[in-house]
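As a plain string of letters, each chain reads:
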Amino acid sequence: MKRALLLALAGAMAMVITLTATPTPPTPAPEPQAAKAPAAESKEARDKRMAWWRDARLGMFIHWGLYAVPAGDYQGKRAKDIGEWIMSWANIPRAEYEKFATQFNPVKFDAAQWVRIAKDAGMKYIVITSKHHDGFAMFNSTVSDYDIVDRTPYKKDVLKALSDEAKKQGLRFCVYYSIMDWHHPSQYVDAAGKDPTAGNSPNKMKPDQKAAYVTYMKAQLKEIITQYDPGVLWFDGEWNDWWTEADGQDLYAYVRGLKPDIIINNRVGKGRKGMEGLSKTDQVYAGDFGTPEQQIPANGLPGVDWESCMTMNDTWGFKSYDNNWKSSQTLIRNIVDIASKGGNYLLNVGPTAEGEIPAPSVERLAAIGKWMKTNSEAIYGTHASPFATQLAFGRATTKTGKLYLHVFNWPSDGKLQVPAIKGTVAKAYLLADRSKPLTVASAADGLTITVPATAPDADASVIALDLK
Ligand code: JFZ
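Note that the structure is predicted; figures quoted are calculated from it, not measured.

(A) Representation of the overall build of the protein in the model. Within the protein, the regular secondary structure consists of eleven helices and 17 strands. Taken over the C-alpha atoms alone, the protein extends approximately 100 × 55 × 45 Å along its principal axes. For the protein, with 468 residues in total, the buried portion stands at 52%. Considering only contacts in the protein between residues 6 or more positions apart, those separated by 24 or more positions represent 71%. Summed over its atoms, the accessible surface of the protein is roughly 20800 Å², and 56% of this surface lies on carbon and sulfur atoms.

So, in structure tokens, the structure goes:
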């Protein structure tokens, strides 16, 4: 009786406090108020903000999280599905999945080495999973203890180490963040034969908990931006029906409010056209660039910023038995193909739970680096091919006063036929052998360049034309 009365009194007092408290919060609200519509930014301001990213052309994606512990194996179950989705495809309840944290101890992790591997491959930025669909934070979060510092024997903040190293070695540090969260109590699984706390896509949102979840995401994003200063916020997991374009616009404005010159992908809202990844054009959608996944657009897209993300094998997160590696030739030609269409290439690695980038990935990155060392001037800061149709011999990129011909199919007769170009050629030479000028014959229907009998590079030989 006495206790009930006390509780009632306390309740009444709280009511009074609520009713009489001034509406002004003690500290200024941290969130920006007005949603800044993307259209409000001038073209000049946008070009300035996007400049480093457009010049970069090549970045490293890193999918690293607790899923590296099972590495594609759960209680004898293996699947064709991607490694970072194991919580979903192996139907692992939250309480079971959480236990992987106790086994996550990447003692071989070396931030300086990872950044060096990316840099030597010619990559200009790194995008790492700060939180994937499994909800586990790979950084030190104070709004959640489901993070690497609080839950693993390793106890160290790998995002901090990587962001410091990237800065030191001159690469832009960027983060991936999943909107869908299989661990957060606001979300659950409603699918036949599945544990309600396992992962699933689509997943469900408890309507009365959505606001709290958005607050949670914003708090984590604020931690990420203040602690690691990312150049890009790469959202994902936006496709559930409980996430709307209005939510995307609000989150976009919030993140830009925290760091005005940050770049945000189009998976923050609902503009993305499936795996094709580019944004729909029926209205203005949130996000600065399109995100084709595992594919390259057939043609260049004038005036559109986009980035193709791709795996080197078939998984993003590490799987011990995925050996379906693309050849380094395919990867090099993808870099060229994408640059020739005006896009960026975000190429993935999935490190192990011990903290190592798999050897087949390191080997391919070294081959890319070797090619970039000779040919990167035909990639960085270039624009899409000026030719109306795709070239029979390969691809082209351009920048002021320069045209680069990337030859995949070397002419057997030593004569490279090039369609007519604007401007005249002052000088032609191989990037692999700059000191030897190549003979160019100009005619109304195009150029004939006399080239050595054998290709200097079996993957892609680049001929530079200085134009006047
Ligand atoms: C998403 C993630 O689910 C995946 O784990 C990885 O991080 C990748 C980069 O992004 O993959 C998707 C996203 C959307 C679709 C398919 C895969 N989709 O809409 O079909």
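Text resumes after the structure shown.
(B) Inspection of the pattern of salt bridges at higher detail. Throughout the structure, instances matching the rule amount to 30 salt bridges. The shortest N-O distance in the salt bridge between lysine 402 and aspartate 466 comes to 2.9 Å. Within this pair, whereas lysine 402 is found in strand E11 (residues 402–407), its partner aspartate 466 is found in strand E17 (residues 461–467), the two being separated by 64 residues in sequence. You can call lysine 402 partly exposed: its relative accessible area is 22%. A residue is classified by how much of its surface remains accessible, and aspartate 466, at 17% relative accessible area, is buried. If you follow the salt bridges from partner to partner, you end up with Glu41, Lys43, Arg46, Asp47, Arg49, Arg54, Arg256, Asp288 and Asp305 in one network.

(C) Just the sheet that holds strand E12 (residues 415–419), in detail. In space, the three strands of this open sheet follow the order E12-E16-E15, with antiparallel pairing throughout. Of all the strands in the sheet, just E12 and strand E15 (440–443) have a single pairing partner and so form its edges. Across the sheet, the mean angle from the axis of one strand to that of its neighbour is 20 degrees, orientation sign disregarded.

(D) Local environment of the nonpolar core. Core analysis: the largest hydrophobic core is formed by 101 residues, its most contacted members being Trp64, Leu233, Phe235 and Ile368. Counting residues per element, this core draws most heavily on helix H8 (residues 210–228), at eight residues. Not counting the four nearest positions on each side in its chain, isoleucine 368 is found in contact with Leu58, Ala121, Leu331, Ile332, Ile335 and Leu347. If you look at the next biggest cluster of nonpolar residues, it comprises 19 residues, including Phe387, Val407, Leu447 and Ile449.

(E) Representation of the sheet that holds strand E10 (residues 394–399). Strand order in the open sheet made by the five strands is E10-E11-E17-E13-E14, with antiparallel pairing throughout. Single-partner strands in this sheet number two, and they are E10 and strand E14 (433–437). Neighbour-to-neighbour, the strand axes of this sheet turn through a mean angle of 25 degrees, independent of strand direction. Direction of pairing for E11 relative to E17: antiparallel, over a ladder of six bridges. Residue pairing for E17: histidine 406 is matched across the bridge by valine 462. Along the sheet, helix H10 (residues 328–340) makes contact with E10 and E11, crossing E10 at roughly 55 degrees.

(F) Representation of the site of the ligand in the model. Around the ligand, a shell composed of 15 residues is seen, among which His63, Glu84, His132, His133 and Glu293 lie nearest. At 2.8 Å, a side-chain N or O of histidine 132 approaches an oxygen atom of the ligand. One nitrogen or oxygen atom from the side chain of arginine 267 is found 3.2 Å from an oxygen atom belonging to the ligand. Protein contact buries 82% of the 450 Å² of open area that the ligand shows by itself.

(G) Representation of the packing of aromatic side chains within the structure. Inspection of the entire model under this criterion finds 20 aromatic pairs. Ring plane angle 85 degrees and centroid distance 6.4 Å describe the contact between tryptophan 242 and tryptophan 243, whose orientation is recorded as edge-to-face. Linked through ring pairs, Phe61, Tyr176, Trp234 and Trp316 together constitute an aromatic cluster. Residue placement shows lysine 218 over the ring face of tyrosine 254; its charged tip is 5.3 Å from the ring centre. A cation sits over an aromatic face here: lysine 427 above tyrosine 429, 4.9 Å from the ring centre.

(H) Structural view of the layout of surface pockets. Here the largest pocket defines a volume of roughly 1200 Å³. Along the walls of the largest pocket sit 49 residues, with Leu301, Pro302, Gly303, Val304 and Asp305 positioned nearest its centre. For the lining of the largest pocket, the secondary structure elements donating two or more residues are helix H2 (43–56) and E10. With six residues, the top contributor of residues to the lining of the largest pocket is H2. In terms of residue class, the lining of the largest pocket is made up of 18 nonpolar, 17 polar and 14 charged.

(I) Structural detail: empty space enclosed by the protein. Tallying each qualifying case throughout the model produces one cavity of 30 Å³ or more. By volume, the largest cavity is sized at about 70 Å³. Residue lining of the largest cavity: 13 residues in total, with Asn313, Trp325, Gly350, Pro358 and Ser361 positioned closest to the centre. Among the residues forming the lining of the largest cavity, the class breakdown is six nonpolar, six polar and one charged.

(J) Expanded view of helix H11 (residues 359–375). Between its terminal C-alpha atoms H11 stretches 24 Å, which fits the 24 Å expected from 17 residues at 1.5 Å a residue. Among all positions of H11, only Ser361, Arg364, Leu365, Ile368, Gly369, Trp371, Met372 and Asn375 are buried. Against the buried residues of H11 lie strand E1 (58–62), helix H5 (111–120), H10, strand E9 (344–349), E11 and E17.

Thresholds applied
- Residues numbered from 1 in each chain as written.
- Predicted model: local features only at pLDDT ≥ 70, side-chain atom pairs only at ≥ 80, totals over all residues.
- Heavy atoms only, no water.
- Helix = DSSP H or I, 4+ residues; strand = E, 2+ residues; numbered from the N terminus.
- Buried < 20%, exposed > 50% of the residue type's maximum accessible area, 1.4 Å probe, protein only.
- Contact = heavy atoms within 4.5 Å.
- Areas by Shrake-Rupley, 256 points an atom, 1.4 Å probe, with all protein chains shown as cover.
- Salt bridge = Lys/Arg side-chain N within 4 Å of Asp/Glu carboxyl O.
- Pairing = 2+ DSSP bridges.
- Axes fitted to C-alpha atoms, helices over the stretch in contact; angles between N-to-C directions.
- Core = buried A, V, L, I, M, F, W, Y, C linked by side-chain atoms within 4.5 Å.
- Near = heavy atom within 4 Å.
- Polar contact = N/O pair within 3.5 Å; in protein donor to acceptor, adjacent residues only side chain to side chain.
- Phe/Tyr/Trp six-rings, centres within 6.5 Å; stacked < 30°, edge-to-face > 60°.
- Lys NZ or Arg CZ within 6 Å of the ring centre and 35° of its normal.
- 1 Å grid on protein atoms, 1.4 Å probe; cavity = no way out; pocket = protein on both sides within 12 Å on 5 of 7 lines; lining within 4 Å.
- Points joined across faces, edges and corners; volume = space filled by probe spheres on them.
- Nonpolar A, V, L, I, M, F, W, Y, C, P; charged D, E, K, R; others polar.
- Expected span 1.5 Å × (residues − 1).

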